[in-house]
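Topology and contacts: notes
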Amino acid sequence: MNLICGEYSLIFREGGIEVLKNNKLLYFNKRPMFVTVKTAFAVNEFYDDAYSETAASSNKVIAKGALTVPSGSLFSFSDEYEAAGNGFRIIRNVKVLKAGDDLGFSTKISFIMTESDDAHEYNCFAPGVWYRQNEFAPDYAFGKDLDCEYFWCRETSYALPLFAMQNIKSGETAALSRWGADITMRSLDLVQSENNTDPRYTIGSIGMSRPESKTVNYMYYGFEVRKEIETKCDGLSIDYVYPGCDGQMPGRNNFGGLDYKNRIKTFQRINHPVEAGFEQNYSVAVNFAQYGSFQSMMKNIWRVTYDRLRDKLFEVDNEIHFHNCMKILNKYTRQYGDSYGLPFACQLPDMDISCISFQFGFVGQQPGIGYQLLRFGSKEDFPEAFEKGVNIIDFWVRTAMTDSGLPQMCYNPNIKGFEPYPHYIRMLADGMEAILDSYLYMRRNGDERPTWREFCRKTADWLLRIQNEDGSFYRSYNTDNSVRMYSKSNTPSVVRFLVQFYLVSGEEKYKAAAIKAGEWSFDNAYLNMEYRGGTCDNTDIQDKEAGIYALFGFLALFDLTGDDKWLEGAIGAADYTETWTYAWKFPVCAPWPKHPFNRYSISGQSIITIGGGADVYMAACAYTYYRLYLITSDEHYLDFAEFIHKNTRQSSDIDGSIGYIMPGLGHESGDFTGQILQSHYHWLPWCTFVEADPLSRLYDTFGGYEISDAQRLPPEELKKRNRIYDNFV
């Protein structure tokens, strides 16, 4: 009895399942009925058994059986298997037939690897959480320690509910994903602890495990409680656990004076009640394939799952939203003594200003906002906005430059001076591109601003002086040219500025420096997936924004040279970066009555770094993904561009109906993996900037605020307009 999908056969034999390719056994599970029970002692024991009956019906196989655990609890299993699309689907029903002396239970669907039971011999992919062997993740990250027994993480932590394991030698890959975006709200009157029970919990966990025949539980201070059990363990497996759990995770010892000094871990479990008649119903997709690289595996399995689970497009009028964004930026820009700028942070819903400080880029985006205001004020005949924009740029040009050519980057008007903030080259790139854009905009309108251009030249020359022999730049510097942070991973950030200053100056040395930085970025950021350190307020760990800036840099080099190498790098960065975006949805409750997540979906938000949090920064990329679609004709990029062009707006009060003081406002970031939003509930300038900026660029390039408007242009006209450097200067 078997099911076939492509080269892979799912065979049912002696109550177990096997996956064969060309008669070679790749994966198996001899005892597919698996249950973990939370005993009366509040420790978790696991048991499994083979199916007692299997039957084929209408291209499906239905496998059934019952499993009794030592306490007397009895569970029935009914699993339906079918070939579906380019993989298999498993629909599971588990019913408690008899309740023994147990406090809770969970079940598992899994496949055991035959090629190796060593986790070090696999690269893994969990969108926004795990890439390859998580070598660029922080020490506390899930999957960082590959010598653990369990690697289970709640699927709400993933940008898509997907986990894949790729054998490094063979390229053979197994992937598990939740079949549908059908999570319901958990019990909000329960506080999640290290091992609790919630009958309404419908979130699963996906990952891998290599368990010993022992229980695993941890005391609150990290002490490991283990005892031998009789269940046989067959090796390393890919798992879907329901309901979900997080473990094993590195922990922090917050208790002093203990005799327990070992490295601690945590294992947070959620259980369903062991009550007669209680049922579990869930469904997963299983995909098997062989790939020549991690990148190709990541791209394919992401798209397969994206096509099945991508949330519907959010309804928003982006022209109105753009104007609302610009009204926000105009209203909160003002003069502070001799300086011009916006507050660093304001509390929602009424924009109670909590901090005044101006950052050159990153979360402050002051010159970027200056450019948007002067452009908006000029085009819309709005003198107030124009004047404020010009004053922002003038302030930075007048104040920030140092003798070395590296501008100061964090100004505080209260002290009429700069704060001791690191000079990140990522932040430098944000501000420099905006000042160069402002210079070009004013020049096109007959207003030459030589001091603005000279400001850009000084910094471009500084970059040439400090560029390393291998083409890289360090993460941050001091104004005396000494290195503050030695990581090179932010190198892609300044590529686009160097390209564009070359176009303005016509001097080959800037082009050469951009290409040299691009070469380092191609070998390291793209080929080695060293996308890390892009967020200035985090350590040098893997994140989304490093991927974004690699995409910007590679695409700029392709626009300049037409060299397909740079297009390859741009595609690779784009494929990586989009996997940080919540393309699916699940219900989330915000603790504040005036918050969009109480009405709208979380889809379109994107994970910030490995380790948590999500924000709206993918909004910055809609224009770029659309341009990439026009270059490649890859329809997926068009779909994704439209998705982030609309669904990122769901964290904003787009029409004023949520109750924020101005329509268009949105929060900075938050963590909603537990279905209750945890957030500072504040606005920072970048939140509005990253939505306004790509909208203005889409309009300037293609003549509309919607991608669907651009799509109405004739293909040759689109191709012509997409050559953005033809008329850059």
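In what follows, the structure referred to is the one given above.
Worth saying up front: this structure is predicted, and the values here are computed from it rather than measured. (Residues numbered from 1 in each chain as written. Predicted model: local features only at pLDDT ≥ 70, side-chain atom pairs only at ≥ 80, totals over all residues. Heavy atoms only, no water.)

A closer look at empty space enclosed by the protein
Under the counting rule described, the total for this entry stands at 5 cavities of 30 Å³ or more. There is about 160 Å³ of room inside the largest cavity. Lining the largest cavity are 17 residues, and of these Phe34, Asp48, Lys108, Ile112 and Asp234 lie nearest its centre. Secondary structure elements with two or more residues in the lining of the largest cavity: β6 (44-49) and β11 (102-113). Among the elements that take part in the lining of the largest cavity, β11 stands out by supplying 3 residues, more than any other. (1 Å grid on protein atoms, 1.4 Å probe; cavity = no way out; pocket = protein on both sides within 12 Å on 5 of 7 lines; lining within 4 Å. Points joined across faces, edges and corners; volume = space filled by probe spheres on them. Helix = DSSP H or I, 4+ residues; strand = E, 2+ residues; numbered from the N terminus.)

Examining the sheet that holds strand β31 (residues 417-418)
Read from one edge of the open sheet, 3 strands run β29-β30-β31, paired in antiparallel fashion. In this open sheet, the two strands that pair with only one neighbour each are β29 (358-359) and β31. The sheet contact formed by β29 and strand β30 (residues 410-412) spans 2 bridges and is antiparallel. Across the sheet, the residue bridging to Gln359 is Cys410, located in β30. (Pairing = 2+ DSSP bridges.)

Considering the packing of aromatic side chains
With the rule as written, the count across this model stands at 68 aromatic pairs. Relative to Phe163, the ring of Trp130 lies with its centre 5.5 Å away and its plane at 80°, an arrangement referred to as edge-to-face. Of this pair, Trp130 sits in strand β13 (residues 130-132) while Phe163 sits in strand β15 (residues 162-167), and the two are 33 residues apart along the sequence. In this structure an aromatic cluster arises from ring pairing among Tyr336, Phe358, Phe360, Phe395, Trp396, Tyr411 and Phe418. If you follow Arg334 out to its NZ or CZ, it ends over the ring of Tyr336, 4.4 Å from the centre. Lying over the aromatic face of Phe552, Arg496 brings its terminal NZ or CZ to 4.2 Å of the ring centre. (Phe/Tyr/Trp six-rings, centres within 6.5 Å; stacked < 30°, edge-to-face > 60°. Lys NZ or Arg CZ within 6 Å of the ring centre and 35° of its normal.)

Points about the pattern of salt bridges
Counted under the stated rule, the structure contains 45 salt bridges. Residue Glu172 is joined to Lys21 by a salt bridge in which the shortest nitrogen-to-oxygen separation is 2.7 Å. Residue Glu172 is located in strand β16 (residues 172-178), and its partner Lys21 is located in strand β3 (residues 16-21); the two are separated by 151 residues in the primary sequence. On the accessibility criterion, Lys21 (9% relative accessible area) is buried. (Salt bridge = Lys/Arg side-chain N within 4 Å of Asp/Glu carboxyl O. Buried < 20%, exposed > 50% of the residue type's maximum accessible area, 1.4 Å probe, protein only.)

Notes on the sheet that holds strand β33 (residues 476-477)
Across a sheet, strands are paired by hydrogen bonds formed along the backbone, either parallel or antiparallel in direction. Taking strand neighbours across the sheet as the criterion, the 3 strands line up as β32-β33-β34 in an open arrangement whose pairing is antiparallel. In this open sheet, the two edge strands, each paired with only one partner strand, are β32 (423-424) and β34 (483-485). With 2 bridges joining them, β33 and β34 adopt antiparallel strand pairing. Among the inter-strand pairings, Ser476 is bridged to a residue of β34, identified as Met485.

Description of the layout of surface pockets
Of the voids in this model, the second largest pocket is the one considered here, and its volume is about 1,100 Å³. The wall of the second largest pocket is formed by 40 residues, among which Tyr623, Arg697, Thr701, Ile724 and Phe728 lie closest to the centre. Every element with two or more residues in the lining of the second largest pocket is listed here: α3 (366-379), α5 (425-444), α7 (495-505), α9 (544-561), α11 (622-632), α13 (685-702) and α15 (715-721). The leading source of residues in the lining of the second largest pocket is α5, at 8 residues. When grouped by side-chain class, the residues that make up the lining of the second largest pocket number 18 nonpolar, 7 polar and 15 charged. (Nonpolar A, V, L, I, M, F, W, Y, C, P; charged D, E, K, R; others polar.)

Focus: the side chain of Asp575
As for its position among the elements, Asp575 is in helix α10 (residues 564-578). The exposure class assigned to Asp575 is buried, which follows from its relative accessible area of 7%. Of note is the side chain of Asp575, whose polar atom sits 2.7 Å from the side chain of Tyr637. Beyond its immediate stretch of four places on either side in the chain, Asp575 contacts Met298, Lys299, Arg303 and Tyr637. (Polar contact = N/O pair within 3.5 Å; in protein donor to acceptor, adjacent residues only side chain to side chain. Contact = heavy atoms within 4.5 Å.)

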